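# Fold and contact review
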There are 2 protein chains.
Amino acid sequence: MDPRVEEHARILVEWSTEIKRNDMVVIRATPESHDLAVAVAKKASEKGAKIMTIFQSEELDRAIFDGADDETLQKMSEHYLGAVEKADVFIGLSAPMNTKALANVDPKRLVMTQKANKPISDRILDKRWCGTVHPCKTLAQQAGMSLNEYQDFVYGATLTDWEEESKNMYLIKEHLESHNDIRFVGPATDLYAKTEGRIWIASDGKHNMPSGEVFTAPIEDTVEGSIFFDIPFMQMGKVVEGVRLEFEKGEVVEYSADKNEQVLKAILETDEGAKHLGEMAIGTNRGIKDYTLNMLFDEKIGDTIHCALGRAYKDCNGTNESAVHVDMIKTMIEGEIIAGDEVIYSKGKFFFE
Amino acid sequence: MDPRVEEHARILVEWSTEIKRNDMVVIRATPESHDLAVAVAKKASEKGAKIMTIFQSEELDRAIFDGADDETLQKMSEHYLGAVEKADVFIGLSAPMNTKALANVDPKRLVMTQKANKPISDRILDKRWCGTVHPCKTLAQQAGMSLNEYQDFVYGATLTDWEEESKNMYLIKEHLESHNDIRFVGPATDLYAKTEGRIWIASDGKHNMPSGEVFTAPIEDTVEGSIFFDIPFMQMGKVVEGVRLEFEKGEVVEYSADKNEQVLKAILETDEGAKHLGEMAIGTNRGIKDYTLNMLFDEKIGDTIHCALGRAYKDCNGTNESAVHVDMIKTMIEGEIIAGDEVIYSKGKFFFE
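Basis of the calculations
- Residues numbered from 1 in each chain as written.
- Chains lettered and ligands numbered in written order.
- Predicted model: local features only at pLDDT ≥ 70, side-chain atom pairs only at ≥ 80, totals over all residues.
- Heavy atoms only, no water.
- Pairing = 2+ DSSP bridges.
- Helix = DSSP H or I, 4+ residues; strand = E, 2+ residues; numbered from the N terminus.
- Axes fitted to C-alpha atoms, helices over the stretch in contact; angles between N-to-C directions.
- Contact = heavy atoms within 4.5 Å.
- Buried area = accessible area lost by both parts, 1.4 Å probe.
- Salt bridge = Lys/Arg side-chain N within 4 Å of Asp/Glu carboxyl O.
- Polar contact = N/O pair within 3.5 Å; in protein donor to acceptor, adjacent residues only side chain to side chain.
- Nonpolar A, V, L, I, M, F, W, Y, C, P; charged D, E, K, R; others polar.
- Phe/Tyr/Trp six-rings, centres within 6.5 Å; stacked < 30°, edge-to-face > 60°.
- Buried < 20%, exposed > 50% of the residue type's maximum accessible area, 1.4 Å probe, protein only.
- Least-squares fit on C-alpha atoms with pLDDT ≥ 70 in both.
- Patch = residues over 30% accessible without salt bridge, like charges linked within 9 Å, V, L, I, M, F, W, Y side chains within 5 Å.
- Areas by Shrake-Rupley, 256 points an atom, 1.4 Å probe, with all protein chains shown as cover.
- Lys, Arg positive; Asp, Glu negative; His and termini not counted.
- Charge placed at Lys NZ, Arg CZ, Asp CG, Glu CD.

## Quick look at the sheet that holds strand S15 (residues 304-310) of chain B
All names here are of chain B. If you trace the 5 strands from one edge of the open sheet to the other, you get S7-S9-S14-S15-S16, paired in antiparallel fashion. Each edge of the open sheet carries a strand with a single partner, namely strand S7 (201-203) and strand S16 (325-331). On average, each strand axis in the sheet is inclined to that of its neighbour by 25°, with strand direction left out of account. One ladder, built from 4 bridges, connects strand S9 (residues 213-216) with strand S14 (residues 277-283); its direction is antiparallel. Considered in S14, the bridge of Val214 is made with Ile282.

## Thoughts on the interface of chain B and chain A
Interface size is often expressed as the accessible area that is lost when the parts come together. In this complex, chain B contributes 46 residues to the contact, which on the side of chain A involves 46 residues. Here chain B meets chain A over a buried area of about 4,000 Å², counting both sides, of which 67% is carbon and sulfur. Interface area lost by chain B to chain A is led by Lys50, Phe55 and His79 of chain B, which between them contribute 20%. Close ionic contact of Glu71 of chain B with Arg21 of chain A constitutes a salt bridge, the shortest N to O distance being 3.5 Å. The interface formed by chain B and chain A holds 18 residue pairs in polar contact (both at pLDDT 80 or more) in total. When contributions to the side of chain B that touches chain A are tallied by element, the ones reaching two or more residues are strand S1 (24-29), helix H2 (34-46), strand S2 (50-55), helix H3 (58-67), helix H4 (70-73) and helix H5 (78-85) of chain B. Among the elements that make up the side of chain B that touches chain A, the one with the highest residue count is H2 of chain B (7 residues). The class makeup of the residues in the side of chain B that touches chain A is 22 nonpolar, 12 polar and 12 charged.

## Thoughts on the packing of aromatic side chains
Tallied over the full model, the rule gives 13 aromatic pairs over all chains. When the ring of Phe55 of chain A is compared with that of Phe55 of chain B, the centres are 4.7 Å apart and the planes differ by 25°; the resulting orientation is stacked. One end of the pair, Phe55 of chain A, is in strand S2 (residues 50-55); the other, Phe55 of chain B, is in strand S2, on a second chain. Ring geometry for Phe350 of chain B versus Phe352 of chain B: centroids 5.7 Å apart, planes at 5°, classification stacked. By relative accessible area, which is 27% here, Phe352 of chain B ends up partly exposed.

## Details of the pairing of strand S18 (residues 342-346) of chain B
Residue and element names in this part refer to chain B. When strand S17 (residues 336-339) meets S18, the two strands line up antiparallel, connected through 4 bridges. If you follow Ala339 over to S18, its bridge partner there is Glu342. Across 2 bridges, the pairing between S18 and strand S19 (residues 349-350) is antiparallel. Pairing of Ser346 across the sheet is with Lys349, part of S19. Linking S18 to S19, which pair antiparallel, is a turn of 2 residues; within it Lys347 sits at a positive phi near 40°.

## A closer look at the sheet that holds strand S10 (residues 224-229) of chain A
Residues and elements named next belong to chain A. Taken in spatial order, the 8 strands make up an open sheet running S14-S13-S10-S6-S5-S18-S19-S20, and their pairing is antiparallel. If you trace the sheet from one side to the other, it starts and ends with strand S14 (251-256) and strand S20 (349-350), each paired once. Pairing geometry for strand S5 (residues 181-186) and strand S6 (residues 189-194), over 6 bridges, is antiparallel. Pairing of Phe184 across the sheet is with Leu191, part of S6. In the packing of helix H10 (residues 162-177) onto the sheet, the strands contacted are S5, strand S18 (336-339), strand S19 (342-346) and S20, and the crossing angle to S19 comes to about 145°. Relative to the sheet, helix H11 (residues 261-268) contacts strand S13 (243-248) and S14, its axis offset from that of S14 by approximately 165°.

## Quick word on the relation of the copies chain B and chain A
Mapping chain B onto chain A leaves a residual RMSD of 0.2 Å; the transformation is a rotation of 179° accompanied by 0.0 Å of translation along its axis. The transformation just described matches what one would write down for a two-fold rotation axis. The residues that chain B uses at the interface reappear at the interface of chain A in 100% of cases, marking a shared surface.

## Let's talk about a negative patch on the surface
On the surface, a cluster of negative charge is made up of Glu224, Glu246, Glu248 and Glu254 of chain A. Examined against the element boundaries, Glu254 of chain A turns out to sit in strand S14.

## A word on H5 of chain B
Counting buried residues along H5 of chain B, 6 of its 8 residues qualify, which places the element largely inside the surrounding structure. Within H5 of chain B, the full set of buried residues consists of His79, Tyr80, Leu81, Gly82, Ala83 and Val84 of chain B.

## Describing unusual backbone geometry
The peptide bond linking Met209 of chain A to Pro210 of chain A adopts the cis configuration, its omega dihedral lying at 5°. Within the fold, Pro210 of chain A resides in the loop between strand S8 (208-209) and strand S9 (213-216). Although it is not a glycine, Glu18 of chain B adopts a positive phi angle of roughly 45°. A positive phi is found at Asn260 of chain B, a non-glycine position, where the angle reads about 60°. Positionally, Asn260 of chain B belongs in the loop between strand S13 (251-259) and helix H11 (261-268).

Encoded structure:
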């Protein structure tokens, strides 16, 4: 076995979920993430935990959508809840065989299932939980890489000193929370928002692995100025590039995109909340150097910031409501992040560097 | 998908476990049985059931044995029990990737785990449950066949009219239970036992698929006479051939084997119960024509009988106790099965044929 798989498992078990004796651990794995499941099962067993593994596959999910009527989809899976209720830890190992297996399922029926099983996902969020990616051919292809390259990419982002990373992220959080506003300055960009009473969250790999971002929900109607997002992102199956947004009293008043502007337009027209920012965040993972059109990785790229149109996180004390949450990313290597009168970050360096 | 996979799934869902609306169904699958899991999930969803799939793999099991200390192995998996308690139906789809993955685990530690999780296996037995085999390369190799041949073999045994089979098996059961004894007569064979008060069970595919046997536990000390088992069987990793046993007052008083007699000796010397018969049975599945050294299939071969040394089934009102239960099979195409004064079977035909 690739020793990096074992190191990945060690980080999930020791850092992300802090597994200890007598923990009941649910692993959700796909056939493609079998090797990582084996490594996690071994490492967690060494800690004295009991393992149960749930079989995830897009084709299995699809079979259920193909077979079930709406009445069936609207029922909760009591047995799944039964397992989750007795669990202390939940670890999801994503490695699809076919990311398109659900492409032709009616989105209404997808939402129906999510709603029916919300008690399960809510219970999982009460546990020590973590989601990660195991590099597989399907994801390598989606990222436009060979499997070897993609393994290097994933492990470059994941196998790091999270204790050290966490220390730095909490330092950034503390400094941001000691001020009442935030400002992103850079090429074609000067964006300001008030953040008083909002919480900055240091996402240090306890729930997502890899992680590396410090984020908050700005006060919705205080966002002012303009921003240019130079990193492309995927939405509705299309790559959107070169987005410019201009805000007045929190609302987008002008917008453009160099490519697929109609997708940006559709996002903004979703609902009222989609015209406001739900998130402002700083990417801190310098192990991620390139975008791969997978937001789990892209929004964490080191020396970037990102903003999301739409839904805010309640954990940040955010209040913006929307059906969407669309992240857009900007390189900051030539920019500055300012909070109150303090320069938090300038051209590749945080204040403590 | 091979239409036989869908027919296999239909039989499991409609015949074996009679899945209906609102049933909570646990499927236990391996990566190799993914296709059958997909077909079962679809068919069960069509009935209105909710599906949860558990990931089984020998390498995952092995990782737990490698990682866990004895204290951990002796704990029950509360989360697994949590799922099973909320389930109505449990379907196990066996298709290993490596049948030898647990070969070097200390048998004491295997037993430790089985004991710890006995509440789970006991609860499963209270449900509608069924275990089956999905033909895969690993099992084909073990059976000494190509995958194509092995698929033909498994589906030949499985895709049959179980309602019709069941009717015949229950007819055999009724006639056997209307008498107080059983006698197997054939080449080098005349074996007699009393069966008063014992139950004959018609195994018609409700729990094992394929199935096809009618079996009981004879009254231990009434077995008299001799029998020659002409079909080889696997025990302790060795193939035992041409077993002859002679009984007096229920106990084996003479024995021999044409090949690996020392294995037969070891079985008989396990304990007192191993010298007595725990089971006498009639194989009725004419879709199985050849032995493959897999007892799940071999003991059901049509036109055979089998006897087991050792532990009796409580469901038959059997009382013989032993650490072992070793089945041995005899072709009956030239033999007769007699109960009381009735010839139940003679040279290829049951009384109703």
